[in-house]
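# Summary of structural features
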Amino acid sequence: MAYNKYMDLLSIIQEYYLFIIIGAIVLFVLLAITLANYSYDSFMFQFEKMKKTTTEYNGTALTLVNFLNLQEFDGLLNVNIIEEQNSANCSYSTKNRTLNLTEEVANNNSIASLAITAHEMGHALQHFKNSKQLIKNYRMSRVLKVLGMLNYPLMILAISFAVFNYLTYSLIAVGLIFISFLVALILKYITIKLEKDASELAIRLLRKYKVLPENQILLVKKFLKSARKTYVGDFFRALFAWTGLTRRTKFF
């Protein structure tokens, strides 16, 4: 009986495999577009929720930075406190080894504050352990900006060549534009991997120095996963920008 059901199912799959593949692709695209449009909103919802959830850590995010700076970086990191309306907008700069924290994050000890701070410390660890990794990403982004500035002139050239029937040159110009967009997608994909690695390093730091109990570390992991989805969403916004169904994203 079970064998007959298996054969019937196999027969259906063989008969309608093309429709099944198309359906799977459509479902993937719909899920990707949904993530592209709502990942940032979801993250901000988590941020507002988690910044109200205090931790058991006896200090602020800035206290944690100063402690980890001595323990992991021999005090070589610089810390810059910035005023920023979007209080989740913290970063790490490879140029001068500077951790940029907003006032709200630096002076708080919520799940959101410690998670964001530990994540940026994760980027600092990436820089110190393998400086080429982040620097290569930074240089690639600089090259990409140059390519982006060339896209408009290339588009004008492509149209001009097509008007005057120089189709080969027109196709070359269009090909160069396509390459720049492909490089932009590759950079966004690499960024996702870097962000995931920084979050994993952040969790290791919190566990290594027993900053938080395990139940709160799980909240940090959940928050950082939500943050990482914004980069995945940005990748899909770039990938499906041509459909007009996603929010706009910055390519270059």
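See above for the structure.
Everything quoted here is computed from the prediction, not taken from an experiment.

The next thing to look at is unusual backbone geometry. Within the chain, Asn 165 stands out as a residue other than glycine whose phi angle is a positive 70°. Note that Asn 165 resides in the loop between α5 (131-163) and α6 (167-208). Asn 165 gets classed as exposed once you look at its relative accessible area, which sits at 59%. In this structure, Lys 210 is a non-glycine residue whose phi angle is positive, near 50°.

Sheet architecture is open: 3 strands sit in the order β1-β3-β2, paired in mixed fashion. Strands at the two margins of the open sheet, each flanked by one partner only, are β1 (78-82) and β2 (91-93). Each strand axis lies, on average, 25° off the axis of its neighbour in the sheet, ignoring direction. Pairing analysis gives 5 bridges linking β1 to strand β3 (residues 98-102), with the strands arranged parallel. Residue pairing for β3: Asn 78 is matched across the bridge by Thr 98. Sitting on the sheet, helix α4 (residues 111-129) is in contact with β2 and β3, with an inclination near 20° to β2.

Applying the stated rule across the entire model yields 11 aromatic pairs. Geometrically, the ring pair formed by Phe 28 and Phe 236 is edge-to-face, given 5.9 Å between the ring centres and 80° between the ring planes. Of the two residues, Phe 28 sits in helix α1 (residues 2-50) while Phe 236 sits in helix α7 (residues 214-239), which places them 208 residues apart along the sequence. Residue Phe 28 is classed as partly exposed on the basis of its relative accessible area of 44%. In this structure Phe 236 comes out as buried when scored by relative accessible area, which is 13%. Counting every residue linked through ring pairs, the aromatic cluster contains Phe 28, Tyr 189, Phe 235, Phe 236 and Phe 240.

The rules behind these values
Residues numbered from 1 in each chain as written. Predicted model: local features only at pLDDT ≥ 70, side-chain atom pairs only at ≥ 80, totals over all residues. Heavy atoms only, no water. Helix = DSSP H or I, 4+ residues; strand = E, 2+ residues; numbered from the N terminus. Buried < 20%, exposed > 50% of the residue type's maximum accessible area, 1.4 Å probe, protein only. Pairing = 2+ DSSP bridges. Axes fitted to C-alpha atoms, helices over the stretch in contact; angles between N-to-C directions. Contact = heavy atoms within 4.5 Å. Phe/Tyr/Trp six-rings, centres within 6.5 Å; stacked < 30°, edge-to-face > 60°.

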